[in-house]
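One-letter residues, chain by chain:
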Amino acid sequence: WDFLIVFFCLPLVIFQELTKKWLLEDFSCKIVPYIEVASLGVTTFTLCALCIDRFRAATNVQMYYEMIENCTSTTAKLAVIWVGALLLALPEVVLRQLAREEPEYSGSPPGERCVVKISTALPDTIYVLALTYDGARLWWYFGCYFCLPTLFTITCSLVTARKIRRAEKACTRGNKRQIQLESQMNCTVVALTILYGFCIIPENICNIVTAYMSTGVSRQTMDLLHLISQFLLFFKSCVTPVLLFCLCKPFSRAFMECCCCCCDECIQKSSTVTSDDNDNEYTTELELSPFSTIRREMSTFASVGTHC
């Protein structure tokens, strides 16, 4: 979804800022805000799911990593996150309309603005629901897309860190590496939440100013606030994959394996790395990744062979 934001929404917004026209007209006016709000939902629910997953892992490290999660369970979780985010963002489609404004200078073509305006041509039921959503949009946006991920993540991360400290005191030698990786994953989730909260604050400020102080603020200031909030959203979408790649070693290794799977050199390197000394550490780190099923099966055979 971050790549969709960067490669689809960002060029359209830049084109609109430079030319004061929407490239795909009414379609882009409706779809760009929809994708942006849906991305907030995807990030919010993913952070909450990651926090729950980290808490389960910290509660019982050994038992958690002995369980192999099947594809159906993973697909169901992703479906709940993505379908929920897409459905909750649907009202943004009916709220937006393309409005033409008078040119600032004589002789220049009229500009186009994507404004929040509910069409009277909608059916009565949808029109009433759109009015209700528009009235509660400010606090719904603030509560669901800002307060929920930040407060939930902070609370879960503190509880998880406490569980990890207890596990470190009572851990055996074999589980120490796993607990250290679990602490690293917990810090990664906290870093993602801090980045998300920093980038979403201007959007909430812009919404509050629009709702309560729009009469005392100039239009240029409102446009600037809106532009800053939009580009911080793009900044979040650009930085999140890089942050994951840098902080989460299992993710970076799995990503590099996927990118290099067709490269003969990478295949040869991966075959030489699987020595007896490095196999346990390599397998343990990848047990934290979404591709852990294969590695866990490999580690089972490796341990049996070593034992015999």
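None of these values were measured; they are calculated from a predicted model. (Residues numbered from 1 in each chain as written. Predicted model: local features only at pLDDT ≥ 70, side-chain atom pairs only at ≥ 80, totals over all residues. Heavy atoms only, no water.)

Describing the overall build of the protein chain
Turning to step 1, where the next piece is worked out: Each helix and strand in the protein chain was counted, giving twelve helices and two strands.
Turning to step 2, where the next piece is worked out: Listing every helix and strand of the protein chain by position from the N terminus yields α-α-α-α-α-β-β-α-α-α-α-α-α-α.
Turning to step 3, where the next piece is worked out: Across the 308 residues in the protein chain, those meeting the buried criterion constitute 35%.
Turning to step 4, where the next piece is worked out: As displayed, the protein chain offers around 18100 Å² of accessible surface, 67% of which is attributable to carbon and sulfur atoms. (Helix = DSSP H or I, 4+ residues; strand = E, 2+ residues; numbered from the N terminus. Buried < 20%, exposed > 50% of the residue type's maximum accessible area, 1.4 Å probe, protein only. Areas by Shrake-Rupley, 256 points an atom, 1.4 Å probe, with all protein chains shown as cover.)

Section: the pattern of salt bridges
Turning to step 1, where the next piece is worked out: For the structure shown, the criterion picks out five salt bridges.
Turning to step 2, where the next piece is worked out: Where salt bridges share partners, they join Glu92, Arg96 and Arg137 into one cluster. (Salt bridge = Lys/Arg side-chain N within 4 Å of Asp/Glu carboxyl O.)

Observations concerning the nonpolar core
Turning to step 1, where the next piece is worked out: Core analysis: the biggest nonpolar cluster contains 30 residues, and Leu40 and Tyr145 have the highest contact counts within it.
Turning to step 2, where the next piece is worked out: Mapped by element, the contributors of at least two residues to this core are helix 1 (2-19), helix 2 (26-59), helix 4 (71-88), helix 6 (124-170), helix 7 (176-212) and helix 8 (219-247).
Turning to step 3, where the next piece is worked out: Looking at which element gives the most residues to this core, the answer is helix 2, with ten residues.
Turning to step 4, where the next piece is worked out: Not counting the four nearest positions on each side in its chain, Leu40 is found in contact with Tyr141, Tyr145, Tyr196, Ile200 and Leu233. (Core = buried A, V, L, I, M, F, W, Y, C linked by side-chain atoms within 4.5 Å. Contact = heavy atoms within 4.5 Å.)

Here's the deal with the confidence of the model for the protein chain
Turning to step 1, where the next piece is worked out: Averaged over all residues, the pLDDT of the protein chain is 75; the fraction at 70 or higher stands at 76%.
Turning to step 2, where the next piece is worked out: Of all secondary-structure elements in the protein chain, the lowest mean pLDDT belongs to helix 12 (residues 292-307), at 40, while helix 4 reaches the highest, 88.
Turning to step 3, where the next piece is worked out: pLDDT under 50 marks residues 273-308. Its contacts with residues more than four places away, or in other chains, come to 44 contacts. (pLDDT = per-residue confidence, 0-100.)

Describing the UniProt feature "transmembrane region" (unreviewed entry) in the protein chain
Turning to step 1, where the next piece is worked out: Under the UniProt annotation, "transmembrane region" (unreviewed entry) lies at residues 31-55, 76-95, 138-159, 187-212 and 224-247.
Turning to step 2, where the next piece is worked out: End-to-end, the C-alpha atoms of residues 31-55 are 36 Å apart, and along that stretch the chain is 100% helix and 0% strand.
Turning to step 3, where the next piece is worked out: Within residues 224-247, the helical portion is 100% and the strand portion 0%, while the C-alpha atoms at the span's ends are 33 Å from each other. (UniProt positions renumbered as here; feature names shortened; annotations may be inferred.)

With respect to the packing of aromatic side chains
Turning to step 1, where the next piece is worked out: In this structure the tally under the stated criterion is seven aromatic pairs.
Turning to step 2, where the next piece is worked out: Pairing Tyr141 with Tyr145 gives two aromatic rings, centres 5.6 Å apart and planes at 85°, and the pair type is edge-to-face. Of this pair, Tyr141 and Tyr145 are both found in helix 6, four residues apart, which corresponds to roughly one turn of the helix.
Turning to step 3, where the next piece is worked out: When the centroid spacing of 5.5 Å and the interplanar angle of 25° are considered together, the rings of Phe142 and Phe146 count as stacked. Of this pair, Phe142 and Phe146 both sit in helix 6, separated by four residues, roughly a single helical turn.
Turning to step 4, where the next piece is worked out: We classify Phe142 as partly exposed; its relative accessible area is 27%.
Turning to step 5, where the next piece is worked out: Here the aromatic cluster, defined as three or more aromatic residues joined through ring pairs, consists of Trp139, Phe142 and Phe146. (Phe/Tyr/Trp six-rings, centres within 6.5 Å; stacked < 30°, edge-to-face > 60°.)

Some words on a positive patch on the surface
Turning to step 1, where the next piece is worked out: Taken together, the side chains of Arg162, Arg165, Arg166 and Lys169 make up a positively charged region of the molecular surface.
Turning to step 2, where the next piece is worked out: Along the chain, Arg165 turns up in helix 6.
Turning to step 3, where the next piece is worked out: What makes Arg165 partly exposed here is its relative accessible area of 48%. (Patch = residues over 30% accessible without salt bridge, like charges linked within 9 Å, V, L, I, M, F, W, Y side chains within 5 Å. Lys, Arg positive; Asp, Glu negative; His and termini not counted. Charge placed at Lys NZ, Arg CZ, Asp CG, Glu CD.)

Focus: the state of the cysteines
Turning to step 1, where the next piece is worked out: Tallying each qualifying case throughout the model produces one disulfide.
Turning to step 2, where the next piece is worked out: No disulfide involves Cys238; its nearest neighbouring cysteine sulfur is the one of Cys199, lying 10.0 Å away.
Turning to step 3, where the next piece is worked out: Its relative accessible area of 38% is what places Cys238 among the partly exposed residues. (Disulfide = S-S within 2.5 Å.)

Considerations on helix 1
Turning to step 1, where the next piece is worked out: The end-to-end C-alpha distance of helix 1 is 25 Å, a good match for the 26 Å that 18 residues give at a rise of 1.5 Å each.
Turning to step 2, where the next piece is worked out: Where helix 1 bends most, the angle comes to about 35°, and this point is Cys9, followed within four residues by the proline Pro11.
Turning to step 3, where the next piece is worked out: On its buried face, helix 1 is in contact with helix 2, strand 2 (111-116) and helix 8.
Turning to step 4, where the next piece is worked out: Just downstream of helix 1, Lys20 is the residue with a positive phi angle, here 60°. (Expected span 1.5 Å × (residues − 1). Bend = angle between axes of the 7 residues up to and from the residue.)

Description of the environment of Val93
Turning to step 1, where the next piece is worked out: Residue position: Val93 is located in helix 5 (residues 91-95).
Turning to step 2, where the next piece is worked out: Among the residues examined, Val93 registers a relative accessible area of 28% and is labelled partly exposed.
Turning to step 3, where the next piece is worked out: Residues within four places of Val93 in sequence aside, it is in contact with Lys30 and Tyr34.

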